[in-house]
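Here is how the chains run, residue by residue.
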Amino acid sequence: MEFRHLRYFLALAEELHFGRAAQRLSISQPPLSLNIQQLEASVGAQLFTRNSRGVQLTAAGQAFVPAARALLAQASDAAREAREVAEGQAGELHIGFAGTMLYCGLPQLLARFQASHPRLKLVLLEMSSSEQLSELVRDRLDVGFVHTPRVPPGFDQVLVVSQPLVACLPQSHALAQASSLGLDQLRGEPLVVVSRTVSPDYHARILSECEQAGWLPPAVHELRHWLSVVSLVSQGLGVALVPQALQKSALAGVAFVPLAQADVRYDTRCLWRSGRDQMALKDFVQAVSADFVRAG
């Protein structure tokens, strides 16, 4: 059974006349008759009766009409879905991101991109950079926003955000109102950081910066999320070095003070597999470049 057989069947079922059905299909009567015979052989039942009074549907033919229409509709829907996926207008795009991207313009980018691709499903997954790298390599993510320079082989990247790290202090801290401060001024303070397992690059970088400034924290509190870091600082349990964008979190009880070391920065890269034949991914990367790279 072929879709051609179904189209020919429905034309004849609606016209109940071989001549009119053939004309509607832009074919001659013999090919129409042959295709109906082939369909009946495939179904294993007579679908039409033919006599001097014309053409009539049998009981089997009447039962077959809604099924034939449904099969053709499903085929049409499947073809449309395939075209829209090929054009980047349908399907799914799995996007990984670290939490700080929520304060760096990612929600606005996603809203604009979704408006231009309304049938495309955006699947958002908040993950650490290490988790994203693992999922990207396994092709469980299409694109990721990571805070690490460790880009796996076979991936393209673009730097989307480069922001300074700032000191995050309890609002009651003696340096909370300073215009800027050096890392050496935090000597003796407990340090709150994102854990080594979640963000090994950031964790190592922060401890290295403290060591270069001539001190090591007496205690290090390791948490999984940036907002947890800021919240713990707000309770007076330590200080932290956090991306500047977290100032937009508007959490009470903390102050953000610029560092005198302007080169202490926090970079975010967008990663995707090289040569991926996925129009939705290409469109998304283009949107990222337009929104972040040009803005930067």
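First, a word on what this report is: a plain description of the structure on this page. (Residues numbered from 1 in each chain as written. Predicted model: local features only at pLDDT ≥ 70, side-chain atom pairs only at ≥ 80, totals over all residues. Heavy atoms only, no water.)

### Looking at the overall build of the chain
Now for step 1: Assigned secondary structure in the chain consists of nine helices and eleven strands.
Now for step 2: Here the C-alpha atoms of the chain give a radius of gyration of 32 Å, more than 25% beyond the 19 Å that 2.2 N^0.38 yields for 296 residues.
Now for step 3: With the principal axes as the frame, the chain shows a C-alpha extent of 105 × 35 × 30 Å.
Now for step 4: Looking at the chain residue by residue over its 296 residues, the buried ones come to 43%.
Now for step 5: Counting contacts in the chain only where the partners sit at least 6 residues apart, residues at least 24 apart contribute 73% of the total.
Now for step 6: Roughly 14700 Å² of accessible area belongs to the chain as shown, and the carbon and sulfur atoms make up 52% of that amount.
Now for step 7: Charge separation in the chain, taken as the distance between the mean sites of 26 positive and 26 negative side-chain charges, equals 8 Å. (Helix = DSSP H or I, 4+ residues; strand = E, 2+ residues; numbered from the N terminus. Rg over C-alpha atoms; globule rule 2.2 N^0.38 Å. Buried < 20%, exposed > 50% of the residue type's maximum accessible area, 1.4 Å probe, protein only. Contact = heavy atoms within 4.5 Å. Areas by Shrake-Rupley, 256 points an atom, 1.4 Å probe, with all protein chains shown as cover. Lys, Arg positive; Asp, Glu negative; His and termini not counted. Charge placed at Lys NZ, Arg CZ, Asp CG, Glu CD.)

### Focus: helix α2 (residues 18-25)
Now for step 1: Of the residues making up α2, those classed as buried are Phe 18, Ala 21 and Ala 22. An end-on view of α2 places all buried positions within 100 degrees of arc, on one side of the element.
Now for step 2: Structurally, α2 contributes buried residues whose contacts are with α1 (3-15), α3 (29-43), β1 (48-51) and β2 (54-57).
Now for step 3: The positive-phi residue at the C-terminal boundary of α2 is Ser 26, with phi of around 60 degrees. (Arc of directions from axis to C-beta.)

### Observations regarding the nonpolar core
Generally speaking, soluble globular proteins have nonpolar side chains that are buried together.
Now for step 1: Leu 186 and Val 242 are the most contacted members of the largest nonpolar core, which has 33 residues in total.
Now for step 2: The set of elements that each furnish at least two residues to this core consists of β6 (155-170), β7 (191-194), α7 (200-212), α8 (226-234), β9 (240-243) and β10 (254-258).
Now for step 3: When residues in this core are grouped by element, the largest group, five residues, is from β6.
Now for step 4: When residues no more than four places from it in sequence are discounted, the contact partners of Leu 186 are Ala 167, Leu 169, Leu 175, Leu 181, Trp 215, Val 239 and Leu 241. (Core = buried A, V, L, I, M, F, W, Y, C linked by side-chain atoms within 4.5 Å.)

### Considerations on the side chain of Gln 132
Now for step 1: Tracing the sequence through the fold places Gln 132 in helix α6 (residues 129-137).
Now for step 2: In this structure Gln 132 touches Gly 96, Phe 97, Ala 98, Met 127, Leu 141, Gly 144, Phe 145 and Val 146, once residues within four positions along its chain are discounted.

### Overview of the packing of α2 against α3
Now for step 1: As a packed pair, α2 and α3 sit with axes 9 Å apart at the nearest point and diverge in direction by 100 degrees. Put simply, α2 runs roughly perpendicular to α3. Mapping the contact onto sequence places Phe 18, Gly 19, Ala 21, Ala 22 and Leu 25 in α2 and Gln 29, Leu 32 and Ser 33 in α3.
Now for step 2: In the contact of α2 with α3, the residues fall into five nonpolar, three polar and no charged. (Axes fitted to C-alpha atoms, helices over the stretch in contact; angles between N-to-C directions. Parallel < 35°, antiparallel > 145°, perpendicular 65-115°, else oblique. Nonpolar A, V, L, I, M, F, W, Y, C, P; charged D, E, K, R; others polar.)

### Side note on the pattern of salt bridges
Now for step 1: Scanning all chains against the criterion turns up 15 salt bridges.
Now for step 2: Between Glu 14 and Arg 69 there is a salt bridge, with its nearest N and O atoms 3.3 Å apart. One end of the pair, Glu 14, is in helix α1; the other, Arg 69, is in helix α4 (residues 59-86), with 55 residues separating them in the sequence.
Now for step 3: Glu 92 serves as the salt-bridge partner of Lys 121, at 3.7 Å between the closest nitrogen and oxygen. In this pair, Lys 121 is assigned in strand β4 (residues 120-126) and Glu 92 in strand β3 (residues 91-97), connecting sequence segments 29 residues apart.
Now for step 4: Shared partners join several salt bridges into a network, and the residues in it are Glu 14, Glu 15, Arg 20, Arg 24 and Arg 69. (Salt bridge = Lys/Arg side-chain N within 4 Å of Asp/Glu carboxyl O.)

### Remarks on the pairing of strand β5 (residues 143-146)
Now for step 1: The alternating pattern of β5 places Val 143 and Phe 145 on one face and Gly 144 and Val 146 on the opposite face, and all of these are buried.
Now for step 2: Pairing of β3 with β5 involves three bridges; the strand directions are parallel. Bridge pairing in β5 places Gly 96 opposite Gly 144.
Now for step 3: Pairing geometry for β5 and strand β11 (residues 265-273), over four bridges, is antiparallel. Residue pairing across strands places Phe 145 opposite Cys 270, the latter belonging to β11. (Pairing = 2+ DSSP bridges.)

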